[in-house]
Number of protein chains: 2
Amino acid sequence: MDTTAFTNNLQKYAQLIIKSGCNLKAGQELFISISTECVEFARLLTAEAYAQGARHVTVKFHDEKIARLHYDNCPLEVFESVPEWAALLNNSMAREGAAILSVVSSDPYAMVGIDQAKPVASAVASHAACKEFYDALDLGRVVWCIVGAAAPAWARVVFPAVPVEQAVAQLWDAIFAATRVTAPDPVLAWEAHRASFNERKQWLNEQQFDALQYRNSRGTHLTIGLNARGIWQGGGDMTIDGTAFFPNMPTEELFTTPDRLRAEGVVYSSLPLVHNGALIEDFSLRFKEGRVVDCQAAVGQDVLEAIFKVDQNAARLGEVALIPYTSPIRQSGILFYSTLFDENASCHLAVGQGFPDCLEGGQTKSEDELLAAGVNKSATHVDFMIGTPDLQITGITASGEHIPVFKDGEWAF
Amino acid sequence: MDTTAFTNNLQKYAQLIIKSGCNLKAGQELFISISTECVEFARLLTAEAYAQGARHVTVKFHDEKIARLHYDNCPLEVFESVPEWAALLNNSMAREGAAILSVVSSDPYAMVGIDQAKPVASAVASHAACKEFYDALDLGRVVWCIVGAAAPAWARVVFPAVPVEQAVAQLWDAIFAATRVTAPDPVLAWEAHRASFNERKQWLNEQQFDALQYRNSRGTHLTIGLNARGIWQGGGDMTIDGTAFFPNMPTEELFTTPDRLRAEGVVYSSLPLVHNGALIEDFSLRFKEGRVVDCQAAVGQDVLEAIFKVDQNAARLGEVALIPYTSPIRQSGILFYSTLFDENASCHLAVGQGFPDCLEGGQTKSEDELLAAGVNKSATHVDFMIGTPDLQITGITASGEHIPVFKDGEWAF
């Protein structure tokens, strides 16, 4: 490994995350959630945040192996509530306007075999106890940013053929490439990236499609209703007080929140999905009246079923996202086994929580108003990849006109 | 390094800590504070706690390099308050009767050069915000245990002449030896160790000394008043509901809390003191009417002075402890640069918080009653070593009789 280049890239990556991802303001608090496997990177992010004027940085370390010990040893009831202090930590960070930074580095196999009722209970309890926190994220009250960091167990899965040190180095390089860190000025590169979404976003918003129809040779045959006054987003987000940020780095998607009550047909997965530390492969979902009514997976059936049990809206769609089959991340040829990356390699859908900012005026609407307008509300949000080289997507207008959106896995306009 | 022996010792150490140190009960919560440098050991302790029936283990990781970044970058006011969530974490653990386990592994030089006003402010704020937590520890409401774990930066200071991996291995071996982990059955060894204190403890308690007089050739010439109905403790502690535990592992001391208002004379240090991540060497303290009125250090004068500024009682004694000069830890020849270990190599004193259980019925007395009885109350507690091979300690009874306690650094009875 070229250590100087690596150190240089890591530094540029940390700067990019704090400056562009979080758009950290002088005097602001930064809240970092990060694994014990990434201590060095946590220090680098903290130093960078202070260099950019943070008032204080709160770093919350979690450890996957300890989390696994909890799952293996604690009874279900332990996961059915969130300690008050932990809820207060999240909620107070949101209340005080901290930038919320999550660094993901999970071993895709860390939780294989655990009782799925436990992470489900945990998600439900967390969403209830940390409502102020999640609302702040969903309703644009705070900046939030999810990024990746290489760690040995994850790297081993992505690059199984090489020694682990080399796998970690290769995973870092893949992360740097995916996040444009190798550009001479990554911050400028991300500004250009943000702008690159505008033309297609504008076209999609002008169409005001009533539905999207998906077809491919794997058997996908699905129609998804879109909301009146729905908005396509992509290339970054903005808080209600006008701070631009990037919720995900990388991001290659144009996305919206569909009508939670309208989805009919069957859709087939095109990439493995890592969920709650376990793998789901070769799966299909059948929708009826917007709800998943049947699911089949060659691997991970219990993990797949658990997704839809989180709450009554967990089986309804919260997101449709469009990414051409030849996206840079797909072209890298790397399967990351991490939704943060893999969702940018493929058209995808997500069940669970929808995005209020994908509806005109959505961020100031009440929960009931959002539900009535078609924006789903759930304690979960799980993306799954459905893009194939022969995927056809057709937009259907309110007047019944059919307009090609994707042709053979690529933009049709 | 003999990896099998090391793994075996580490496992025995974790078992000993959970079983003897914490005396963890089935269904109990365990609260571990530990450095990110000791992640593997945190996992081992967690696994052992579950194996011994813990209901849940809460692991709070801290990172010294990030703490240093806070000190270097945050203004003083940040340290003058404790985030509500952090106070709630500590207080709720005490309220729920968790066993409180702290693992120390500090780099003795981690905080050299920081503004001492910051850790002082932090200690004061923490003591106020976490009053329920500290009271639970001081008044025997919860089990608490402090142990050591080797980490590279610390090991480098203790064993500077060898490569760092070897230094870490040697430090682990020194910890194992000091904590009797190398005994065939460490749990039994600690029971025997507990019992070994009884005879001398009983003798000391029977004397009901009114004062102790310290003399040596370095210039120490100090008389410390002892409390009426004071109690000498040592070889483990007990909660008010009768759970036996070891607050410190190792422990070689017999100790009591002296009269906060009576100390006269000068005392010279016999070992370096690491405090707030900085070294204090070759220092002396002059007491008048129980209070430090002058202090001089060859190294770390500002750090030394800061100790007494924490609050109005930080310059008064909270502890006197007797350890023969030939204690096992002194005989190991290792200077640990860590009070947890070094205090067991030497007679010492501590300024700051006293021990309510060193007074008859003390754990059920109010703060005012304890103060009136002579037990000091402070947000800090700092031990410093004063034992030399020529130290003479004389007990003075209420009737003025002089009885030798230490002669030439060793027990005189």
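Treat the numbers as computed from the prediction; the structure is a model and nothing was measured.

Visitor: Sorry, what's going on with helix 10 (residues 186-196) of chain A here?
Guide: Residues separated by three or four positions in an α-helix point in the same direction, a consequence of the helix having 3.6 residues per turn. All names here are of chain A. All of the buried residues along helix 10 are Pro186, Ala189, Trp190, His193 and Arg194. Relative to the axis of helix 10, the buried residues are bounded by an arc of 145° and lie together on one face. Each element contacted by the buried residues of helix 10 is listed here: helix 1 (3-21), helix 11 (198-207), strand 8 (237-238) and strand 9 (244-245). Sitting at the amino-terminal end of helix 10 is Asp185, which places a side-chain oxygen 3.1 Å from the backbone nitrogen of Val187.

Visitor: It is not clear to me how the state of the cysteines should be interpreted in this structure. Could you clarify?
Guide: Note on terminology: disulfide describes a covalent bond linking the sulfur atoms of two cysteines. Residues and elements named next belong to chain B. A full pass over the atoms with the stated rule returns zero disulfides over all chains. Unpaired in this structure, Cys347 has its nearest cysteine sulfur neighbour in Cys358, at a distance of 15 Å. Residue Cys347 is classed as buried on the basis of its relative accessible area of 1%.

Visitor: Sorry, what's going on with the sheet that holds strand 3 (residues 99-104) of chain B here?
Guide: Paired through backbone hydrogen bonds, the strands of a sheet run either parallel or antiparallel to each other. Residues and elements named next belong to chain B. Spatial ordering of the open sheet is given by 2-1-3-4, a layout of four strands whose pairing is parallel. The open sheet is flanked by strand 2 (56-62) and strand 4 (144-148), the only strands paired with a single partner. Averaged over neighbouring strand pairs, the angle between their axes works out to 15° when direction is ignored. Pairing analysis gives seven bridges linking strand 1 (residues 29-35) to strand 2, with the strands arranged parallel. Across the sheet, the residue bridging to Leu30 is Val57, located in strand 2.

Visitor: Explain the domain arrangement of chain A here, please?
Guide: One widely used convention gives an interface's size as the accessible area the parts lose upon coming together. Residues and elements named next belong to chain A. Domain boundaries assigned for chain A yield domain 1 (3-188) and domain 2 (197-411). Relative to domain 2, the C-alpha centre of domain 1 lies at a distance of 23 Å. Counting residues at the interface gives 43 residues for domain 1 and 38 residues for domain 2. Summed over both sides, the interface of domain 1 with domain 2 buries roughly 3200 Å², with 63% coming from carbon and sulfur. Our count for the contact surface shared by domain 1 and domain 2 stands at three salt bridges. Counting the contacts that link domain 1 with domain 2 gives 16 residue pairs in polar contact (both at pLDDT 80 or more). Elements with a contribution of two residues or more to the side of domain 1 that touches domain 2: helix 1, helix 6 (117-129), helix 7 (131-138), strand 4 (144-148), helix 8 (152-158) and helix 9 (164-178).

Visitor: What is the right way to look at the packing of aromatic side chains in this model?
Guide: Centre-to-centre distance and the angle between the planes together describe a pair of aromatic rings. The final tally for this structure, using the stated rule, is 38 aromatic pairs over all chains. Arranged with centres 6.2 Å apart and planes meeting at 80°, the rings of A:Tyr13 and A:Trp172 form a pair that is edge-to-face. Note that A:Tyr13 is positioned in helix 1 and A:Trp172 in helix 9, a separation of 159 residues in sequence. A single burial state applies to A:Tyr13 and to A:Trp172, both of which are buried. The interplanar angle of 65° and the centroid separation of 5.4 Å between the aromatic rings of B:Phe41 and B:Trp172 together place this pair among those described as edge-to-face. One end of the pair, B:Phe41, is in helix 2 (residues 39-51); the other, B:Trp172, is in helix 9 (residues 164-178), and 131 residues separate them in sequence. Like B:Trp172, B:Phe41 is buried. Three or more aromatic residues joined by ring pairs form one cluster here, namely A:Phe6, A:Tyr13, A:Phe41, A:Trp172 and A:Phe176. The ring of A:Phe413 has A:Arg200 sitting right over it, with the charged end atom 5.6 Å from the ring centre.

Calculation notes
Residues numbered from 1 in each chain as written. Chains lettered and ligands numbered in written order. Predicted model: local features only at pLDDT ≥ 70, side-chain atom pairs only at ≥ 80, totals over all residues. Heavy atoms only, no water. Buried < 20%, exposed > 50% of the residue type's maximum accessible area, 1.4 Å probe, protein only. Helix = DSSP H or I, 4+ residues; strand = E, 2+ residues; numbered from the N terminus. Arc of directions from axis to C-beta. Contact = heavy atoms within 4.5 Å. Polar contact = N/O pair within 3.5 Å; in protein donor to acceptor, adjacent residues only side chain to side chain. Disulfide = S-S within 2.5 Å. Pairing = 2+ DSSP bridges. Axes fitted to C-alpha atoms, helices over the stretch in contact; angles between N-to-C directions. Domains from an automatic or database assignment. Buried area = accessible area lost by both parts, 1.4 Å probe. Salt bridge = Lys/Arg side-chain N within 4 Å of Asp/Glu carboxyl O. Phe/Tyr/Trp six-rings, centres within 6.5 Å; stacked < 30°, edge-to-face > 60°. Lys NZ or Arg CZ within 6 Å of the ring centre and 35° of its normal.

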